[in-house]
Amino acid sequence: MKSNKLLNILFSILFLFSFTSPLFAETGEGTNMETVLKVMVAITAFTIAFLMWLVLVYAEKNDAQGELLLGPFKSVFKWITKSTPISQEHEILMDHDYDGIKELDNKIPPWFNFLFYGTILFSIIYLVNYHVIGSGNIQEEEYLAEMQAAKEQQQLLARSGALLDEESVTRVSDPSALSNGETIYLKHCAACHAADGGGLVGPNLTDEYWVHGGGIKNVFKVIKYGVPQKGMISWQSQLSPTEMQEVGSYILTMEGTTPAAPKDPEGELWTASDEEADGAAVNPAMKDKGVGPITEVTLGEIDPQIAAKGKDIFELKCSACHKMDKRFIGPALRGITERRSPEWIMNMILVPDRMVQENKAARELLMEYISPMANQNLSQEETRAILEYFRTETNQE
Ligand code: HEC
Ligand code: HEC
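Residues numbered from 1 in each chain as written. Chains lettered and ligands numbered in written order. Predicted model: local features only at pLDDT ≥ 70, side-chain atom pairs only at ≥ 80, totals over all residues.

1. A few points about the site of ligand 2
1) Next: In the vicinity of ligand 2, 27 residues are found, and the nearest of them are Cys 318, Cys 321, Gly 330, Pro 331 and Met 373.
2) Next: Those elements giving two or more residues to the shell around ligand 2 turn out to be helix 12 (304-317), helix 14 (342-350) and helix 16 (360-369).
3) Next: For the shell around ligand 2, the leading source of residues is helix 16, giving four residues.
4) Next: Of the residues assigned to the shell around ligand 2, the class counts are 21 nonpolar, four polar and two charged. (Near = placed C-beta within 6 Å. Helix = DSSP H or I, 4+ residues; strand = E, 2+ residues; numbered from the N terminus. Nonpolar A, V, L, I, M, F, W, Y, C, P; charged D, E, K, R; others polar.)

2. So, the packing of helix 9 (residues 215-225) against helix 10 (residues 241-253)
For any two helices packed against each other, one specifies the crossing angle of their axes together with the interaxial distance.
1) Next: Where helix 9 meets helix 10, the closest approach of the two axes is 9 Å, and the angle between their N-to-C directions is 125°. The orientation of helix 9 with respect to helix 10, classified from their angle, is oblique. By crossing handedness, the relation of helix 9 to helix 10 is classed as right-handed. Between helix 9 and helix 10, the contacting residues are Ile 216, Val 219, Phe 220, Ile 223 and Lys 224 on the first element and Met 244, Gln 245, Val 247, Gly 248, Ser 249, Ile 251 and Leu 252 on the second. (Axes fitted to C-alpha atoms, helices over the stretch in contact; angles between N-to-C directions. Parallel < 35°, antiparallel > 145°, perpendicular 65-115°, else oblique. Left-handed = near helix turned anticlockwise from the far one by under 90°. Contact = placed C-beta atoms within 7 Å.)

3. Thoughts on the packing of helix 14 against helix 17 (residues 380-392)
1) Next: Put simply, helix 14 and helix 17 touch, their axes get as near as 10 Å, and they point 130° apart. For the element pair helix 14 / helix 17, the angle class is oblique. For the crossing formed where helix 14 meets helix 17, the hand is right-handed. Contact residues: helix 14 offers Pro 342, Ile 345, Met 346, Ile 349 and Leu 350, while helix 17 offers Gln 380, Thr 383, Arg 384, Ile 386, Leu 387 and Phe 390.
2) Next: Along the lines of polarity and charge, the residues of the contact of helix 14 with helix 17 split into eight nonpolar, two polar and one charged.

Put into structure tokens, the structure is as follows:
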């Protein structure tokens, strides 16, 4: 009966192993050492479980033979536990007695000692491998390596144009891209916008007036999604993001040219300041000034002297929690002036407690980082200097 219970356990183990079968599938793509090892361990464990099961079945059928087969297991078990059989317990009984509770002087089981010495051995190997030779990647290096790999992947995707959308698109100006754009334009667009952009069914693309807003982001959006009810189709199924970027950039080069038969301007006048406002609209965080004493900051050319002063203050007061390029106790700060408004940054430094209470973005940061940003009691002038320093630490290489 007891072995029936054991049988059940063994079956459960076998059942669980069937869930690890994806391990086997993994070997298909990019066989690396780790998966091979995992598969080998799984196969070994599976075989052992199967053998034990066979032994049990055999033992059930023929008791005398079963004893023979289970014998080695039993003696191994005895050796690693060094337990004293109940019949001999009187030999190790200690001679004190607490209200009828007696104590046995059992040896420390060898398996426990092995575990203990094992951890010591492991710690030595670990220490030498990770901290002395440095051949293993410690957590931080592993993290950085993964981040690096992800960055490379993203760059690859960006180069292939897969990540290009109306938010991230930029105007391209190199001649080969523009000539690609021209080819696409003449093939697909000239029928409605005229070869010289003067407009036929579609509007004139050479003037400064745009129905849906000028600038590459709006133009890209119109090309991508179209205005089907007005006869401008969506091109995203026929053109790749890169092609839409190229033809959009090409269209923008036609501005100011004189077509043979220009259509009258339609829509609104689009100027450079609209372009800027549009850029800010894409990243609403840049409009968020936060709450606190700073309501307006005017930025001029970067003043290297003030920036150097800011750097000193930063290293003294902030670097305990912030690094430029990696997340520490607080967020990495490189490019902070490209994702937060100057007012927001200064308020965050001057009154972090008020910011996390009253500003949504700051509150979300606190939720993410859990520990709050410390108020360093800096003056507005010192804070401005740090802002100047941040402006020198942008994402551009
Ligand atoms: C079947 C005709 C047709 C074709 C082909 C066509 N367009 Fe258009 N396009 C239009 C019409 C009509 C409009 C005006 C939509 C409106 O008024 O809302 C338009 C509007 C636009 C606008 C916005 C202009 C503005 O003032 O905001 C852009 C940019 C544009 N088209 C680019 C292209 C590009 C690039 C192609 C080729 C890939 C193309 N179009 C092909 C008919 C066409
Ligand atoms: C005790 C650690 C600590 C110190 C010291 C500290 N910060 Fe912070 N900082 C944080 C944490 C944590 C956050 C994010 C969570 C939050 O907002 O509370 C943060 C957030 C920020 C942010 C917003 C970052 C983003 O991604 O939007 C800026 C800017 C900032 N700190 C600048 C500074 C400056 C400048 C100093 C020095 C005057 C400084 N911090 C000192 C811990 C610190």
